[in-house]
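What follows is each chain in one-letter form.
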Protein chains: 2
Amino acid sequence: MTNNLKAVVLLSGGLDSAAVLAIAQREGFTVHAMSFRYGQRHEYELRMASAIGVKNRCAKHVFVELDLRQFGGSALTSDIAVPVDRSVDQMSSGIPITYVPARNTVFLSYALAYAESIDCRDIFIGVNALDHSGYPDCRPEYINAFEHMANLATKSGVEGGTHRIRIHTPVITMTKTEIIRQGLSLGVDFSVTSSCYNASEAGACGRCDACLIRLDGFKEIGVRDPILYKSREELA
Amino acid sequence: MTNNLKAVVLLSGGLDSAAVLAIAQREGFTVHAMSFRYGQRHEYELRMASAIGVKNRCAKHVFVELDLRQFGGSALTSDIAVPVDRSVDQMSSGIPITYVPARNTVFLSYALAYAESIDCRDIFIGVNALDHSGYPDCRPEYINAFEHMANLATKSGVEGGTHRIRIHTPVITMTKTEIIRQGLSLGVDFSVTSSCYNASEAGACGRCDACLIRLDGFKEIGVRDPILYKSREELA
């Protein structure tokens, strides 16, 4: 299937965006991937993003340097400790300390700038409203508002035309299990993805929220997660 | 007058944002200025932004490095020639080639991230819908859409409260003459501003759209523009 259209796909190196990339390609889009180096703890995740881009033959992959650290305020960009061994109930109360101020807004703005410069009006992002229920910028109403703004911000908004800018969020209401199942059916190689907040060559920690959600997702469909985990003994 | 509140003010080094800074201070805000280095032709403008920030005693001034050049597509960031000696009628037809894809969206997204990280909910930007009638991201409907999105994107959107995020655009419907008059009444030193698309130490060109609009603005109120212009002879 092909629609001869370009799409900008935000690729974090995580499981969700890897599935989203495969979904965009299934819909016939030629993918221009975009990833961000934003002072996060884990360069490892970006190396996975790069590998996913190559594996899936993206037409182009742009890496953007951001420095959100100068604004401080999140466990993903500064030295705050990431919580471990929490239950799903504990995870879902309030805004996580891993929340980065306005991060998805900055990411989507860059994607919009990139899309407009290559005459592309389709942007894919792997936000998920279930796993990240505490993140304001993962909710459908936020995405709708961004899409509305984007159509006023750009040439297409002024010049009109039938092909409006669309922010595609194909996994926004899926459970982790559904995302994994969907990804596997599209041939996604989840061994080159990373979800852990403390990921490195030595393996994922297996204890942070992201690891626990991911492990649960694979467990539920009875498939072994192909990435490396540090053993419980090593962690003790 | 003071309201004990912080505001993030986007400072380009131009005339409009210098006036906006003074307006924000008159309203009692403690100003955290933000400027962008985005591969534009004119470093000179940023030096003016820095000087304005110092002159007006901003509490802080953050300079953000962007690289919009990798997306190409604008006379302000690439090697396309800037038009000169155009009439106002010629200026106002269509989207100017000086339009940078999604620029204000990227700028405002950074401002939003910065504001949220310092617990601030007021952002000022010197967009103007008259001078830049061809820029989609200078229109009031665009700003309203951004503000709506911003309130869904951030903690304040989730946590509620009476103090919503506001995008202030005090000069959006003013003519250049009105902006200059307002600025002068607030003591703005326009000698440390720059509007020219080709500005340098040697002076403004006096021929690009921005120079012509600026010169007209000062002329209309009978005040001499305090910045340096290259003489017409030098330009010939």
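Residues numbered from 1 in each chain as written. Chains lettered and ligands numbered in written order. Predicted model: local features only at pLDDT ≥ 70, side-chain atom pairs only at ≥ 80, totals over all residues.

**Concerning the confidence of the model for chain A**
Residues and elements named next belong to chain A. The cut-off we apply is this: Per-residue confidence from the prediction method is given by pLDDT, with values spanning 0 to 100. The way it works is that DSSP assigns letters per residue, a run of H or I at least four long becomes a helix, a run of E at least two long becomes a strand, and they are numbered from the N terminus.
Averaged over every residue, the pLDDT of chain A is 85; the share at 70 or more is 77%. Looking at the elements of chain A, mean pLDDT is at its lowest for helix H9 (residues 232-235), recorded as 53, and at its highest for strand E4 (residues 122-124), recorded as 98. Model confidence for the complex is summarised by a pTM of 0.87, with the ipTM given as 0.85.

**Some words on the sheet that holds strand E2 (residues 30-37) of chain A**
Residue and element names in this part refer to chain A. Counted only if it meets this: One bridge is not enough; two strands pair if DSSP finds at least two bridges between them. To get an axis, a line is fitted to the C-alpha atoms, and for a helix only the part in contact is used. The angle between two axes follows their N-to-C directions and goes from 0 to 180 degrees. Placing C-beta atoms from the backbone, we regard two residues as in contact once those atoms come within 7 Å.
The sheet built from five strands is open, its strands ordered E3-E2-E1-E4-E5 with parallel pairing. Each end of this open sheet is capped by a strand with a single partner; those strands are strand E3 (60-65) and strand E5 (166-168). Averaged over all pairs of adjacent strands, the angle between strand axes in this sheet comes to 25 degrees, irrespective of strand direction. Inspection of the sheet shows E2 paired to E3 by six bridges, in the parallel sense. Looking at E3, one finds that alanine 33 is bridged to histidine 61. Along the sheet, helix H2 (residues 43-55) makes contact with E2 and E3, crossing E2 at roughly 170 degrees.

**Comments concerning the pairing of strand E1 (residues 6-10) of chain B**
Residues and elements named next belong to chain B. How we decide: The burial label depends on the number of other C-beta atoms within 10 Å of a residue's C-beta. Counts of 20 or more mean buried, 12 or fewer mean exposed, and intermediate counts mean partly exposed, with C-beta atoms placed from the backbone.
Most of E1 is tucked away: four of the five residues are buried. Here E1 pairs with strand E2 (residues 30-37) via five bridges, running parallel. Counterpart to valine 9 in the pairing with E2 is alanine 33. Where E1 meets strand E4 (residues 122-124), two bridges bridge the pair, whose relative direction is parallel. In the sheet register, valine 9 faces E4, and the bridge partner there is phenylalanine 124.

**Re the packing of helix H1 (residues 15-26) of chain B against helix H7 (residues 176-185) of chain B**
Residue and element names in this part refer to chain B. To be explicit about the condition: Each angle receives one of four descriptions, namely roughly parallel if under 35 degrees, roughly antiparallel if over 145, roughly perpendicular if within 65 to 115, and oblique otherwise. Crossing handedness is defined as follows: a turn of the near helix away from the far one that is anticlockwise and smaller than a right angle gives a left-handed crossing, while the clockwise case is right-handed.
Interaxial distance between H1 and H7 falls to 9 Å at its minimum, and their mutual angle equals 45 degrees. By the angle class used here, H1 and H7 are oblique. Of the two elements, H1 crosses H7, and the hand of that crossing is left-handed. When H1 is examined against H7, the residues Leu15, Asp16, Ala18, Ala19 and Ala22 are found in contact with a partner set consisting of Ile179, Gln182 and Gly183.

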